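Close look at the chain arrangement
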Amino acid sequence: MDSHPGKPPVLHVPASADPAAWAAEHRHTLRGLVTEHGAVLVRGLGLSDRAQVGAVFGGLVPALMPETEAFAPREAYGPGVYSSTPWPANQPMCMHHELSYTHSPPGLLLLACLTAPTTGGATALADAATVLEALPPELVQRFEQEGWLLTRTYGEDIGASWAEAFGTDDRAAVEEYCRTHAIEYAWQGDGSLRTRRRRPAVVRHPVTGRRCWFNQIAFLNEWTLEPEVREYLVEVYGPEALPFNTRFGGGDPIGEDIVELINTVYTEHTVREPWRSGDLMLIDNIRTAHSREPFEPPREILVAMAAPEASTR
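Residues numbered from 1 in each chain as written. Predicted model: local features only at pLDDT ≥ 70, side-chain atom pairs only at ≥ 80, totals over all residues. Heavy atoms only, no water.

Pairing within the open sheet is antiparallel, and its 4 strands lie in the order β9-β10-β8-β13. Each edge of the open sheet carries a strand with a single partner, namely β9 (184-187) and β13 (244-248). Each adjacent strand pair in this sheet contributes to an overall mean axis angle of 15°, direction not counted. Note that strand β8 (residues 148-154) and β13 share 5 bridges and pair antiparallel. Pairing of T151 across the sheet is with N245, part of β13. Contacting β9 and β10 (193-199), helix α7 (residues 171-180) crosses the sheet at an angle of about 155° to β9. (Pairing = 2+ DSSP bridges. Helix = DSSP H or I, 4+ residues; strand = E, 2+ residues; numbered from the N terminus. Axes fitted to C-alpha atoms, helices over the stretch in contact; angles between N-to-C directions. Contact = heavy atoms within 4.5 Å.)

A separate point is the sheet that holds strand β2 (residues 39-43). Here we have 6 strands laid out as an open sheet, ordered β1-β2-β15-β5-β18-β3, and mixed in their pairing. Strand pairing shows two members of the sheet lacking a second neighbour, β1 (10-12) and β3 (82-83), which therefore form its edges. Summarising the sheet, β3 and strand β18 (residues 300-308) pair through 2 bridges and their orientation is antiparallel. Among the inter-strand pairings, S83 is bridged to a residue of β18, identified as L302. Against the sheet, helix α2 (residues 27-37) touches β1, β2, β5 (106-115), β15 (280-284) and β18, its axis set at about 135° to β2. Of the strands in this sheet, β5, β15 and β18 touch helix α3 (residues 50-60), which is tilted by about 155° from β5.

Looking now at α7. For α7, the complete set of buried residues consists of V174, Y177 and C178. Buried residues of α7, seen end-on, are gathered within an arc of 100° and therefore sit on one face of the element. Buried residues along α7 sit against α6 (162-166), β9 and β10. N-capping of α7 is provided by D170, with a side-chain oxygen placed 2.9 Å from the backbone N of A172. Phi turns positive, to about 55°, at A182, one or two residues after α7. (Buried < 20%, exposed > 50% of the residue type's maximum accessible area, 1.4 Å probe, protein only. Arc of directions from axis to C-beta. Polar contact = N/O pair within 3.5 Å; in protein donor to acceptor, adjacent residues only side chain to side chain.)

Our next topic: the state of the cysteines. Applying the stated criterion to the full structure yields 0 disulfides. Sulfur of C94: no disulfide; nearest cysteine sulfur belongs to C212 and is 20 Å away. For C94, a relative accessible area of 18% translates into the label buried. (Disulfide = S-S within 2.5 Å.)

Before going further, it helps to examine the side chain of N245. Looking at the element boundaries, N245 is found in strand β13. Polar contacts involving the side chain of N245 include one to the side chain of E222, which spans 3.0 Å. Not counting residues within four places of it along the chain, the set of residues in contact with N245 comprises L149, L150, T151, L220, N221 and E222.

Below, the discussion takes up unusual backbone geometry. That bond from P297 to P298 is cis: its omega, 5°, falls within 30 degrees of zero. Along the chain, P298 turns up in the loop between β17 (295-296) and β18. Positive phi values are uncommon outside glycine, yet A307 reaches one of about 55°. Of note, A307 is situated in strand β18. A relative accessible area of 26% means that A307 is categorised as partly exposed.

As structure tokens, this is what we get:
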């Protein structure tokens, strides 16, 4: 396995006539590498189509998670196998931990590249424990004490609608889900839904016990948006009804300077390796944040989630 500064570990393997059988045979070894390094890129399997990727994902884990509370609607290619989150190709998707705002976020992410982009588009990584240590102690202490708030307004224009996010158009079922998962909710006169939930910003890794900066505070904050996009959203929806935003757990706004600081620390601890068609990547979602860099299309990455970690709550 190759390991170089600034790059994630890369495991080179010989091409297999049956990648799914290879994945099932080596799943314990791969999970061990993920636990040791936080992520591993497997190169050489030559994954070539969606059905094959789904079989490989199924060989790696006992069960794939269905996505709930989606940020934006994905294409489903089989039970638990999805397209990557739709996001403008020319804009970065900043560092975050997948579904960190849910009660049972995935402990493991599985990604497969069917079509590598012409330029850019890397799924970059950052170690959450290292990021935590690099952040100002007083900022970490406040977030540890208060947690963080995520506010969402589910409409029909931007991101997932409430029916898409919760997988039902039954308001009673959505309300029951929110009550069960500690989400405050309020239906609006136009039929949209607003929610608030408080979540921990720092968690202990379920295996190593290390404290990890685990959240989407910067990624889902208004100040991470391009200035013209933010201005447009504020003008259309108002500052209190943006499609998404984050605050300190006590309700205070998070300033632009804090969001910039968090993103700068992520940048200073980012590693990346450009995708090649046929690659497979496994990511420890608690220990390792990930991003998606701007790219020149086309780019096709399939995603699956597994190993829900209710213990992070």
